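Summary of the model geometry
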Amino acid sequence: LSYTIRTLSPVLMSSMSNSTIMTATHDDFSGSIIRGVLASRYVEKQNIKDNAYKDKNFLELFYGGLKFLPANPDCNGQRSIILPLSLQQAKSGNQNLEIQDLLTCTEPNKGYKSLRGYGIVDNGKIKTSSVNKNIFMHMSRSSDNERLAGKSSEGQIYNYESINEGQFFHGLIIGDSELLQKLIDGLNLKNKSMNAYIGRSHFT
């Protein structure tokens, strides 16, 4: 079962970082996030909030019956994949082979650099995809005096990165067709779609 996400507002899905003043975001929507969003929707629509852990269908769908794959960035209307770390692309000005794979090259050409990120193979060529992001800066108001004053008096700052609105991501849910139909029926979607809140501080 394929699904598509369209971001309606900036989204921040925190990634691991050593930085104390910068919170970075992932480039995809992990399978565990998708599973959680759909599980919440299922519990709400089936009115099993207090006893979901006893519901046979819920357990079958969200605890082993289905596999939720991440929603990766759109690339020409397709679900992109993470490019293998062995790929390299020619540096600017190099007219040799555009891409080489270190796993299959016996004598790698010089003047190449790593090819990272997401992409697809289209007519024998690799097309890459990128995620548009933004960085927002905030003044810290963590101390008691700063919170009461509503402003920063110590000048501390922090930044966070987010995925911009208006972008598309595609993912897959894998499982038996009967289970997939149970999931669709249980979610009670309107026009095959739903709105969801995802990410850090997702209620804002």
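In this report, the structure presented in the accompanying data block is examined. (Residues numbered from 1 in each chain as written. Predicted model: local features only at pLDDT ≥ 70, side-chain atom pairs only at ≥ 80, totals over all residues. Heavy atoms only, no water.)

In this sheet, strand β11 (residues 125-129) lies alongside strand β10 (residues 118-122) in antiparallel orientation, the contact comprising five bridges. Of the residues in β11, the one forming a bridge with D122 is K125. Between β10 and β11, which pair antiparallel one after the other, the connecting turn spans two residues, and N123 there sits at a positive phi close to 55°. (Pairing = 2+ DSSP bridges. Helix = DSSP H or I, 4+ residues; strand = E, 2+ residues; numbered from the N terminus.)

A word on the pattern of salt bridges. Going through the model one piece at a time under the given rule, you end up with four salt bridges. Between K127 and D122 there is a salt bridge, and its shortest N-O distance comes to 2.9 Å. Note on D122: relative accessible area 22%, which makes it partly exposed. Its salt-bridge partner being E161, residue K133 comes within 3.8 Å of it at the nearest N-O pair. Residue K133 is located in strand β12 (residues 133-139), and its partner E161 is located in strand β13 (residues 157-163); the two are separated by 28 residues in the primary sequence. On the basis of relative accessibility, which here comes to 29%, the residue K133 falls in the partly exposed class. (Salt bridge = Lys/Arg side-chain N within 4 Å of Asp/Glu carboxyl O. Buried < 20%, exposed > 50% of the residue type's maximum accessible area, 1.4 Å probe, protein only.)

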